[in-house]
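Given next are the chains, with one letter for each unit.
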Amino acid sequence: MKLILEYMKRYKGWVALNILSVFGFALVELGIPTMVSNMIDEGVLRQDRSYLIQSGLVIAVISVIGVCGTILLGYCCAKISTSVTRDIRNDVFSKVQQFSHAQMNQFGVSSLITRTNNDAYQIMTFMNVILRTALLTPVMIVVSFALTIRSSLELSLIIASTIPIIVAGVIVVGKISQPISERQQSSLDRLNRVFRENLTGIRVIRSFNNDAYETRRFDEENRFFMKQSRNLFKLMSSTEPIFFMVMNFAALAIYFVAAGMIEANLLQVGKLVAFMEYLFHAMLSVMLFCMVFMMYPRASVSAKRIQKVLDTKSTIQDPAEPQPLTEIEEVCFDHVTFAYPDGEEAVLSDVSFTVRKGETIAFIGSTGSGKSTLVSLVPRFYDASGGSVRINGIDIRDFNVQQLRSKIGYVAQKAVLFRGTIAENIRFGNPQARMEEVRHASQIAQALDFINEKPKQFEERIVEGATNVSGGQKQRLSIARAIVRHPQIYIYDDSFSALDFATDAKLRKALKKEVKDAIMMIVAQRVSTIMNADQIVVLNEGKVVGKGTHSELLKTCQIYHEIAASQLSEEELAYGR
């Protein structure tokens, strides 16, 4: 397992201690049967009680050492397996943070959660077992078989005859379990996806009375997962009794043969006792070793799924020698074309415009015209398929991604708040912001009034999913989060849609004073939100069909005129002209 070995290299000291404890444990476990054998045979011959007491004390001391070794072995296994799993989860999480939106869609959120949680857990369980048994059992097997041969060659042949049966069983079980494990983990991805969709859309589901349908959908996937898990567990659980049965038949054959040998004075009782102890260790070690191999397919599937995430290179990469970015003077789209990786047609085609410092540019158009996609190219959520997006005349792909995004205040179409206080959510845009800055940003975003009405004001907690605030309140807090960042580019992706007209007007008026030295990019559906913009770009099916001010577009762009006519009165249209 390449993935596990790479991470285990970080804990060489603990691995070395684990190996030492394994050898110490094996030495104790295999040394005691020899001493017991000598006590029985030598004690009978000597008739010396002091010898028996002395030997018993030595065995007791060795047993205590064995217990300490077992505890140390368990501690080392736990330390290494949990630490490696923690590192894997951290690396997967860090890797996912670097993914573009396209790669997030490629894996799927539910699958990434499964890989981070369940798959990592499978690796931890496998490591915990393998560190205990994979190192211990080979030593135990080799030494035990050597000691059984030394005790009795004839009886050892009986043990040797059972090994091919066990090995063959392991190979068969491994071949059968791997595809079942793959189906099980894929099913868990789908199960998590259904559950996540259900929790996210619970209000829609209830409003349409589709609880029964969603329950059936979840039940179908859950039954499939249950079936795969049951098949896997049945396969695993059936192997252990079979191994024990083979072991018991071997023991029965040994007792039968040994009885004749003892009767013929070819074998001593003490030797038989020691032999059976060696047999127990040898067969148990073989069985444990086989169990490791049976667990391997499932862990291998999980490791491959995690490795696929870690090996995936983000399409959004920093240049080898990034250009410095200080003051942003202008943003230019130069014949930009964009198509999603799994899309057949371009979402944006030959889009060109320039917006300068202190200006506001707005984007309007029908649903699906590419407005949100267009503004997502500026912070490099995606990279343009053709043409270029330039800042100060330099392609944004020549800037460091983190430095570029630090200059941008982005408010998403769907307002997202995190669990925590209102102040913590606003400070998400600027962790070093003082309370005065937080309050000022809230005032500009028209959020201060409703915050002050809360019992704890800025210390009021936002619950998971932000269900204790309204849609308009979420949008205003998201806007405040962008303002407190003091960015040089503001991007509002239809971020005023949940606001009433009065609040919208107040917010835009306050924003205009605040961002007079920045570039503002607004995506909107309401003409009233953007009619005072310095430049309005009208999109239709990913193409620019109009560009200019509100009054210019009313005269020159039929699509814009139709949108405006559907929202404004005749007097407002006439005034706009």
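This text follows the structure it describes.
In this report, we go over the structure that sits alongside the text. (Residues numbered from 1 in each chain as written. Predicted model: local features only at pLDDT ≥ 70, side-chain atom pairs only at ≥ 80, totals over all residues. Heavy atoms only, no water.)

Notes on the overall build of the chain
- Check the secondary structure of the chain and you find 21 helices and 12 strands.
- Out of the 577 residues belonging to the chain, those deemed buried represent 47%.
- Taking contacts inside the chain between residues at least 6 apart in sequence as the whole, the part at least 24 apart equals 77%.
- Split by element, the accessible area of the chain, about 29,600 Å² in all, is 57% carbon and sulfur. (Helix = DSSP H or I, 4+ residues; strand = E, 2+ residues; numbered from the N terminus. Buried < 20%, exposed > 50% of the residue type's maximum accessible area, 1.4 Å probe, protein only. Contact = heavy atoms within 4.5 Å. Areas by Shrake-Rupley, 256 points an atom, 1.4 Å probe, with all protein chains shown as cover.)

What to know about the sheet that holds strand 1 (residues 330–338)
- With respect to topology, four strands assemble into an open sheet ordered 2-1-4-5, the strand pairing being antiparallel. Two strands close off the open sheet at either side, each with one partner strand: strand 2 (348–356) and strand 5 (394–395).
- With two bridges connecting them, strand 4 (residues 386–391) and strand 5 associate as antiparallel partners. The residue bridging Arg390 from the neighbouring strand is Asp395, located in strand 5. (Pairing = 2+ DSSP bridges.)

Observations concerning the packing of aromatic side chains
- A complete count under the given rule lists 11 aromatic pairs for this structure.
- When the centroid spacing of 5.6 Å and the interplanar angle of 50° are considered together, the rings of Trp14 and Tyr75 count as tilted. In this pair, Trp14 is assigned in helix 2 (residues 12–46) and Tyr75 in helix 3 (residues 49–98), connecting sequence segments 61 residues apart.
- A residue is classified by how much of its surface remains accessible, and Trp14, at 28% relative accessible area, is partly exposed.
- Centroid distance Phe338 to Tyr340: 5.0 Å. Interplanar angle 80°. Geometry classified as edge-to-face.
- Judged by its relative accessible area of 2%, Phe338 falls in the buried class. (Phe/Tyr/Trp six-rings, centres within 6.5 Å; stacked < 30°, edge-to-face > 60°.)

Digging into the layout of surface pockets
- Its volume calculated, the second largest pocket comes out at about 380 Å³.
- Residues of the lining of the second largest pocket, tallied by class, amount to seven nonpolar, four polar and six charged. (1 Å grid on protein atoms, 1.4 Å probe; cavity = no way out; pocket = protein on both sides within 12 Å on 5 of 7 lines; lining within 4 Å. Points joined across faces, edges and corners; volume = space filled by probe spheres on them. Nonpolar A, V, L, I, M, F, W, Y, C, P; charged D, E, K, R; others polar.)

Quick word on helix 17 (residues 501–514)
- Taking 1.5 Å of rise per residue, the 14 residues of helix 17 would be expected to cover 20 Å, and the 20 Å separating its terminal C-alpha atoms lies within 8% of that figure.
- Looking only at helix 17, the buried set comprises Thr503, Asp504, Leu507, Arg508 and Leu511. Viewed along the axis of helix 17, the buried residues span an arc of 130°, placing them on a single side of the element. Residues of helix 17 that are exposed and point over 90 degrees away from its buried face: Lys506, Lys509, Lys512 and Lys513. (Expected span 1.5 Å × (residues − 1). Arc of directions from axis to C-beta.)

Points about the pattern of salt bridges
- For the coordinates displayed, the defined rule picks out 15 salt bridges.
- A salt bridge links Arg10 to Asp87; its shortest N-O distance comes to 3.4 Å. Here Asp87 lies in helix 3 and Arg10 lies in the loop between helix 1 (2–8) and helix 2, a separation of 77 residues in the sequence.
- You can call Arg10 partly exposed: its relative accessible area is 48%. (Salt bridge = Lys/Arg side-chain N within 4 Å of Asp/Glu carboxyl O.)

Comments concerning the packing of helix 5 (residues 109–133) against helix 7 (residues 153–200)
- Relative to each other, helix 5 and helix 7 sit at 120°, their axes nearing to 8 Å. Comparing their axes, helix 7 and helix 5 come out oblique. For the element pair helix 5 and helix 7, the recorded crossing hand is right-handed. Here helix 5 contributes Val109, Ser110, Ser111, Thr114, Asn118 and Asp119 to the contact with helix 7, which in turn contributes Gln185, Leu188, Asp189, Asn192, Arg193 and Arg196.
- When grouped by side-chain class, the residues that make up the contact of helix 5 with helix 7 number two nonpolar, six polar and four charged. (Axes fitted to C-alpha atoms, helices over the stretch in contact; angles between N-to-C directions. Parallel < 35°, antiparallel > 145°, perpendicular 65-115°, else oblique. Left-handed = near helix turned anticlockwise from the far one by under 90°.)

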